[in-house]
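Here is what each chain is made of, one letter per residue.
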Amino acid sequence: VRLAEIAERIGARLEGAGEKELRAVRSLEDAGPDDLSFVLDARQASRLEASRAGAIILPDRLPCVGRPALRMGNPSLGFARALALFHPSDASVSGIHPSAVISPDAAVNRTASIGPLCVVGAGAQIGAGTSLLAQVHVGRDVRIGSDCRVFPHVTLREGVRLGDRVILHSGAVIGADGFGYAREGARYVKIPQVGCVVLEDDVEIGANVTIDRATLGETRIGRGTKIDNLVQIAHNVQVGEDTVIVAQVGISGSTRIGSRVTLAGQVGVVGHLTIGDDVIIGAQSGVSKDISAGTVVLGSPAVPHGEFKRQYASLAGLPALRKLVRAMERRLEELERRLVG
Amino acid sequence: VRLAEIAERIGARLEGAGEKELRAVRSLEDAGPDDLSFVLDARQASRLEASRAGAIILPDRLPCVGRPALRMGNPSLGFARALALFHPSDASVSGIHPSAVISPDAAVNRTASIGPLCVVGAGAQIGAGTSLLAQVHVGRDVRIGSDCRVFPHVTLREGVRLGDRVILHSGAVIGADGFGYAREGARYVKIPQVGCVVLEDDVEIGANVTIDRATLGETRIGRGTKIDNLVQIAHNVQVGEDTVIVAQVGISGSTRIGSRVTLAGQVGVVGHLTIGDDVIIGAQSGVSKDISAGTVVLGSPAVPHGEFKRQYASLAGLPALRKLVRAMERRLEELERRLVG
Amino acid sequence: VRLAEIAERIGARLEGAGEKELRAVRSLEDAGPDDLSFVLDARQASRLEASRAGAIILPDRLPCVGRPALRMGNPSLGFARALALFHPSDASVSGIHPSAVISPDAAVNRTASIGPLCVVGAGAQIGAGTSLLAQVHVGRDVRIGSDCRVFPHVTLREGVRLGDRVILHSGAVIGADGFGYAREGARYVKIPQVGCVVLEDDVEIGANVTIDRATLGETRIGRGTKIDNLVQIAHNVQVGEDTVIVAQVGISGSTRIGSRVTLAGQVGVVGHLTIGDDVIIGAQSGVSKDISAGTVVLGSPAVPHGEFKRQYASLAGLPALRKLVRAMERRLEELERRLVG
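All values derive from a computational prediction rather than experimental measurement.

(A) The overall build of chain A, seen in detail. Regarding its fold elements, chain A presents 4 helices and 37 strands. Relative to its length of 341 residues, chain A is extended, with a C-alpha radius of gyration of 27 Å against a globular reference of 20 Å. With the principal axes as the frame, chain A shows a C-alpha extent of 100 × 75 × 30 Å. Within chain A, buried positions represent 59% of all 341 residues. Residue pairs in contact within chain A that sit at least 24 positions apart in sequence constitute 17% of those at least 6 positions apart. Split by element, the accessible area of chain A, about 13100 Å² in all, is 50% carbon and sulfur.

Set out below in structure tokens:
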């Protein structure tokens, strides 16, 4: 691809000649004269001089470097767009593979692709440009929008609804029964889980994630929210828009998570809470209370960031405090002996 | 369904006329005049007045509400039964789908159902009324009892045994090799895992759960125990009856968990421990010692509930304690100066 | 198998007659006169006398026991080898099952086995003696070495590379997209993940593990490393040789883990760190800093073992310290009253 065309397609300002043809995007270390490379922040700039890359995506503020540069205020976005340009999402499948088992009652758009050994149940709808890669399970009455990509071994249980451009990675299970029981003496009686799951437009769900169907009503993941691998979302949870949930997080039943929230890895959130917009929850935190919008929390149980740091510093200083108290006790005894004895 | 019939079927005492026909079970907010709704505890009662529900499942002690009520001492149980009445578990599959690959040596009861693209190995036995939904893997010599439901993409490795009415959610892997190695210098040599896994009657296993086969002997989950999504049960673990294991818990090898135990989300238990009956382990706890029956523990490392609260309160009060000690030190210095100086 | 032959095959020194034929390996409690049993350490020796086992694998230093013994310096290794002798890894499948969907462009060695309902993509290579058990997904251009075993419902995404003797348990997902996005205002734009995953020789991967493909370059798991169930390995992580990663661990992007490292269960490691060789990380630890070779760390945030123990002891002694300070304060007041008042 010609450099001038790359600049135009990724929205960069070209600095230098635009005639050069580039073949791939590579790291500063791996790139050769025919490759495009990238500097995302000032720390990486020191590695730039030694690089053989033919052209560089570069933040606005960094100095030029004796070769063509693609200037961007947001170089990460340029990197994402350049990769998409060199690696167009390949369909991998096209048309309907003869080994797929598709109910005659399903409505599959003629531009959708269904790979080998998929199952599509009665009443399912599959939108334009959507690909089920292979060995996918689509239960009855599932509705999938357009331009979705569903990777091998995904399970969509009955009645699940997906918006457009949703990506589901392998092993994800959407719409399994929520974990709900009534007690009858010492025994547990299953509460049928008859609600559904809705994933809105532009949601991406990682490998082996589990998102349970609601008891009644719906479990909902808002537009643009991204969920990493092995995350657990319990029944009736509501997640807002543009929220990021990192790997191995668990969210218990009926909790509401706001928009633009970040949950770092291995966080646990108990049920029936409200987590406000723009909250950040640090890795491995355990959240057992509501959190108001914009707060940064940390720890298990989670407390505001400043309080966590104070507690942790106090804990680190505890052996010294203990020594000080022991020394003071001896001095106190000495004074008592003098004064009283 | 007529209200009088619902009352009889769920074991409630009808208060008001029983002629009304109801169409669905809905939350207080969503229910209309043709729907049954429910109040499970006193906190929900305030939302009752505004509800348009045609009839209500109501705890014995709450006041009546100008419409028919189904009185129960245990309204959650009534709710579970009413949902089951309105949503009979639908088989989804019936008979043997022609795309299933079933060994001629397998014994499949004529009332069992095997959905599309399932594999059933040699020597496997599948009991009356059991459904394998689709894309299930049943290894050789697996024995499945009657009236079980196995959802898509479940894997049952060779020799696994299931009782009756067992439910396995999508992506669960039962009987993978335990994690066992001998050292040979710096390298690890695999210890073959040749035992099995037994799931007793009425066990329910969540999506993407992993329960490993024993090295020798068996890994066993007792009658009526319920396991949530993404839980890890290692080789040779024994779990008692009517125990509840919430999402993302991990239990290490050879540990014994009693009956009627509750393990909250993300708990970790090290190997070779004994956890007594009726123990409750709080979310995210790390258990590294035996726990005697009836104890409530919390924290990582886990300690009895009271001790955890004391430790946590002390930690929260630590900055104040530190200030007090500093002030006392100054007062002590002043006394010393006066007395000695 | 004759005892003398077992001794020779497992590398043990036979003590007693070697003529006896043995039928199985069983625990001390379950073994009968025709079974081989084992004592792995001195603690188990007390249970030896009551055992009916016909012969025993025994550490060098323990006393003899009135029956033939197989003496080994490393009895665990003898146990592993004896189990392998009595339970030869059974192929379960042989040849190519007619229900498998194999691209005509794939290169499958004639001694490889492909079970029912597997999918093998274009350009894939499958080596000699390798078995895909059933319902496995092999994406395009995947390269699998010789003598690998891939269990049901494993997903290998496009371009993944496996060495020889690799074992992949059910539900493992190798090569799903890494979790990487650029910001565009409040929204997230997917960064295409176009790198790959390499699993070197003798790696074993547990059930429902997720190992993400690199953004660029590769995610790599070194020779002989063993990974337990439900572990998350993010994009561009590098793991050394003979490392052990226990269940439910999560390792964030671009982190480098050394060789012969042990990560106990539920550990979390943040991104872009370097963990040295021979490090041991205790269960549930949260690692947020580099760790130098040979260190043992514990806690969240993780600190060296000795420091963790001091902190924890201080925390446990905190209520007592608080009492002591209160008492000293009263004594101080008394002194002040006398001296000043």
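(B) Geometry of the interface of chain A and chain C. With 63 residues of chain A at the contact, the number on the chain C side is 65 residues. Taken together, the two surfaces of chain A and chain C that pack against each other cover about 5100 Å², and 65% of this comes from carbon and sulfur. Run the count over chain A and chain C and you get 3 salt bridges. Notably, a salt bridge pairs Arg-331 of chain C with Glu-336 of chain A, separated by 2.9 Å at the nearest N-O pair. Seen at the junction of chain A and chain C, the total is 25 residue pairs in polar contact (both at pLDDT 80 or more).

(C) Up close: the interface of chain B and chain A. Residue-level contacts link 63 residues of chain B with 65 residues of chain A. In total, chain B and chain A occlude about 5000 Å² of area from one another, counting both sides; carbon and sulfur atoms represent 65% of this. Counting the contacts that link chain B with chain A gives 3 salt bridges. A salt bridge links Arg-81 of chain B to Glu-184 of chain A; its shortest N-O distance comes to 2.9 Å. Among the secondary structure elements, those contributing two or more residues to the side of chain B that touches chain A are α2 (75-86), β25 (226-227), β28 (244-245), α3 (305-316) and α4 (318-340) of chain B. Examining the composition of the side of chain B that touches chain A, we find that 14 residues originate from one element, α4 of chain B, more than from any other. Of the residues that constitute the side of chain B that touches chain A, the class distribution is 33 nonpolar, 16 polar and 14 charged.

(D) Examining the relation of the copies chain B and chain A more closely. The transformation that overlays chain B on chain A combines an axial shift of 0.0 Å with a rotation of 120°, and the residual RMSD is 0.0 Å. The superposition operator between the copies reduces to a three-fold rotation axis.

(E) Quick look at the side chain of Thr-255 of chain B. When you line up the elements, Thr-255 of chain B lands in the loop between β29 (250-251) and β30 (256-257). Excluding residues that lie within four positions of it along the chain, Thr-255 of chain B makes contacts with Asn-236, Val-237, Gln-238, Val-269, Val-270, Gly-271, His-272 and Leu-273 of chain B.

(F) Local environment of the pairing of strand β5 (residues 69-72) of chain A. Residues and elements named next belong to chain A. Residues Ala-69 and Arg-71 point to one face of β5 and Leu-70 and Met-72 to the other, with burial holding for every one of them. Strand direction decides the pairing type here: strand β1 (residues 13-15) and β5, joined by 3 bridges, are antiparallel. Among the inter-strand pairings, Leu-14 is bridged to a residue of β5, identified as Leu-70. Relative to β5, strand β4 (residues 55-59) runs parallel, the two being bridged by 4 bridges. Opposite Pro-59, over in β5, you have Met-72 as the bridge partner.

(G) Summary view of the packing of α4 of chain B against helix α4 (residues 318-340) of chain C. Two numbers describe how α4 of chain B lies on α4 of chain C: the axes approach to 10 Å, and their chain directions differ by 30°. As judged from the angle between their axes, α4 of chain B and α4 of chain C are roughly parallel. With respect to the hand of their crossing, α4 of chain B and α4 of chain C are arranged in left-handed fashion. By residue class, the composition of the contact of α4 of chain B with α4 of chain C is 16 nonpolar, no polar and 7 charged.

(H) Layout of the environment of Thr-243 of chain A. Residue and element names in this part refer to chain A. By secondary structure assignment, the location of Thr-243 is in the loop between β27 (238-239) and β28 (244-245). Using a relative accessible area of 0% as the deciding quantity, one classes Thr-243 as buried. For the pair Thr-243 and Ile-227, spaced 16 residues apart in sequence, the C-alpha to C-alpha distance is 8.3 Å. With residues up to four places along the chain from it excluded, the contact list for Thr-243 reads Thr-225, Lys-226, Ile-257, Gly-258, Ser-259, Arg-260, Val-261 and Leu-263. A polar contact is formed between the side chain of Thr-243 and the backbone oxygen of Gly-258, at a distance of 2.9 Å.

(I) Examining the sheet that holds strand β15 (residues 155-156) of chain C more closely. All names here are of chain C. Spatially, the 10 strands line up as an open sheet ordered β6-β9-β12-β15-β18-β23-β26-β29-β32-β35, and their pairing is parallel. Whereas interior strands pair on both sides, the edge strands pair on one side only; in this sheet they are β6 (101-102) and β35 (286-287). Two elements, strand β29 (residues 250-251) and strand β32 (residues 268-269), share 2 bridges in a ladder whose sense is parallel. Note that in β32 the partner of Gly-250 across the bridge is Gly-268.

(J) Summary view of the packing of aromatic side chains. Residues and elements named next belong to chain A. Per the stated rule, a full pass over the model turns up 12 aromatic pairs over all chains. Ring geometry for Phe-179 against Tyr-181: centres 5.2 Å apart, planes inclined by 85°, an arrangement best described as edge-to-face. Of the two residues examined, Phe-179 and Tyr-181, each falls in the buried class. Geometrically, the ring pair formed by Tyr-181 and Tyr-188 is edge-to-face, given 6.2 Å between the ring centres and 75° between the ring planes. For the pair shown, Tyr-181 and Tyr-188 are each scored as buried. Grouping aromatic residues by their ring pairs yields a cluster made of Phe-179, Tyr-181 and Tyr-188.

(K) View of the pattern of salt bridges. Summed over the entire model, instances satisfying the criterion amount to 78 salt bridges over all chains. A salt bridge links Asp-242 of chain A to Arg-223 of chain A; the nearest nitrogen and oxygen atoms lie 2.9 Å apart. Of this pair, Asp-242 of chain A sits in the loop between β27 and β28 while Arg-223 of chain A sits in the loop between β24 (218-221) and β25 (226-227), placing them 19 residues apart in sequence. With a relative accessible area of 5%, Asp-242 of chain A lands in the buried category. With its nearest N and O atoms 2.9 Å apart, the salt bridge here joins Lys-190 of chain B to Asp-177 of chain B.

(L) The confidence of the model for chain A, seen in detail. With 99% of its residues at a pLDDT of 70 or more, chain A has an overall mean of 94. Our summary of model confidence lists the complex with pTM equal to 0.95 and ipTM equal to 0.95.

(M) Spotlight on α3 of chain B. For α3 of chain B, which comprises 12 residues, the first-to-last C-alpha distance of 16 Å matches the rise-based estimate of 16 Å (1.5 Å per residue) to within 8%. When we look at burial in α3 of chain B, the residues that qualify are Phe-308, Gln-311, Ser-314 and Leu-315 of chain B. All buried residues of α3 of chain B lie within an arc of 130° about the axis, which places them on one face of the element. In α3 of chain B, the exposed positions that point more than 90 degrees away from the buried face belong to Lys-309 and Arg-310 of chain B. Buried residues along α3 of chain B sit against α3 (305-316) of chain A, β36 (296-298), β37 (303-304) and α4 of chain B together with α3 (305-316) and α4 of chain C.

(N) Representation of empty space enclosed by the protein within the structure. Tallied over the entire structure, the rule returns 6 cavities of 30 Å³ or more. Approximately 100 Å³ is the volume attributed to the largest cavity. Forming the boundary of the largest cavity are 15 residues, of which His-153 and Gly-171 of chain A, His-153 and Gly-171 of chain B together with Gly-171 of chain C lie nearest the centre. Taken together, the residues of the lining of the largest cavity break down into 3 nonpolar, 12 polar and no charged. For the second largest cavity, the calculated volume is near 70 Å³. Every residue lining the second largest cavity is listed: Leu-117, Gln-135 and His-153 of chain A, Leu-117, Gln-135 and His-153 of chain B together with Leu-117, Gln-135 and His-153 of chain C. When grouped by side-chain class, the residues that make up the lining of the second largest cavity number 3 nonpolar, 6 polar and no charged.

(O) A look at the pairing of β24 of chain A. Residue and element names in this part refer to chain A. Across the two faces of β24 the burial differs, with Thr-219 and Ile-221 buried and Glu-218 and Arg-220 not buried at all. Strand direction decides the pairing type here: strand β21 (residues 196-199) and β24, joined by 4 bridges, are parallel. What sits directly across from Val-198, in β24, is Arg-220. Note: β24 against β27, 2 bridges, orientation parallel. Within the sheet, the bridge partner assigned to Ile-221 lies in β27 and is Val-239.

(P) Just α4 of chain C, in detail. Taking 1.5 Å of rise per residue, the 23 residues of α4 of chain C would be expected to cover 33 Å, and the 32 Å separating its terminal C-alpha atoms lies within 8% of that figure. Every buried residue of α4 of chain C is listed here: Leu-318, Leu-321, Leu-324, Val-325, Met-328, Glu-329, Leu-332, Leu-335 and Glu-336 of chain C. Looking at the packing, one finds that the buried side of α4 of chain C touches α4 (318-340) of chain A, α3 and α4 of chain B together with α3 of chain C.

Reading the values: rules and limits
- Residues numbered from 1 in each chain as written.
- Chains lettered and ligands numbered in written order.
- Predicted model: local features only at pLDDT ≥ 70, side-chain atom pairs only at ≥ 80, totals over all residues.
- Heavy atoms only, no water.
- Helix = DSSP H or I, 4+ residues; strand = E, 2+ residues; numbered from the N terminus.
- Rg over C-alpha atoms; globule rule 2.2 N^0.38 Å.
- Buried < 20%, exposed > 50% of the residue type's maximum accessible area, 1.4 Å probe, protein only.
- Contact = heavy atoms within 4.5 Å.
- Areas by Shrake-Rupley, 256 points an atom, 1.4 Å probe, with all protein chains shown as cover.
- Buried area = accessible area lost by both parts, 1.4 Å probe.
- Salt bridge = Lys/Arg side-chain N within 4 Å of Asp/Glu carboxyl O.
- Polar contact = N/O pair within 3.5 Å; in protein donor to acceptor, adjacent residues only side chain to side chain.
- Nonpolar A, V, L, I, M, F, W, Y, C, P; charged D, E, K, R; others polar.
- Least-squares fit on C-alpha atoms with pLDDT ≥ 70 in both.
- Pairing = 2+ DSSP bridges.
- Axes fitted to C-alpha atoms, helices over the stretch in contact; angles between N-to-C directions.
- Parallel < 35°, antiparallel > 145°, perpendicular 65-115°, else oblique.
- Left-handed = near helix turned anticlockwise from the far one by under 90°.
- Phe/Tyr/Trp six-rings, centres within 6.5 Å; stacked < 30°, edge-to-face > 60°.
- pLDDT = per-residue confidence, 0-100.
- Expected span 1.5 Å × (residues − 1).
- Arc of directions from axis to C-beta.
- 1 Å grid on protein atoms, 1.4 Å probe; cavity = no way out; pocket = protein on both sides within 12 Å on 5 of 7 lines; lining within 4 Å.
- Points joined across faces, edges and corners; volume = space filled by probe spheres on them.

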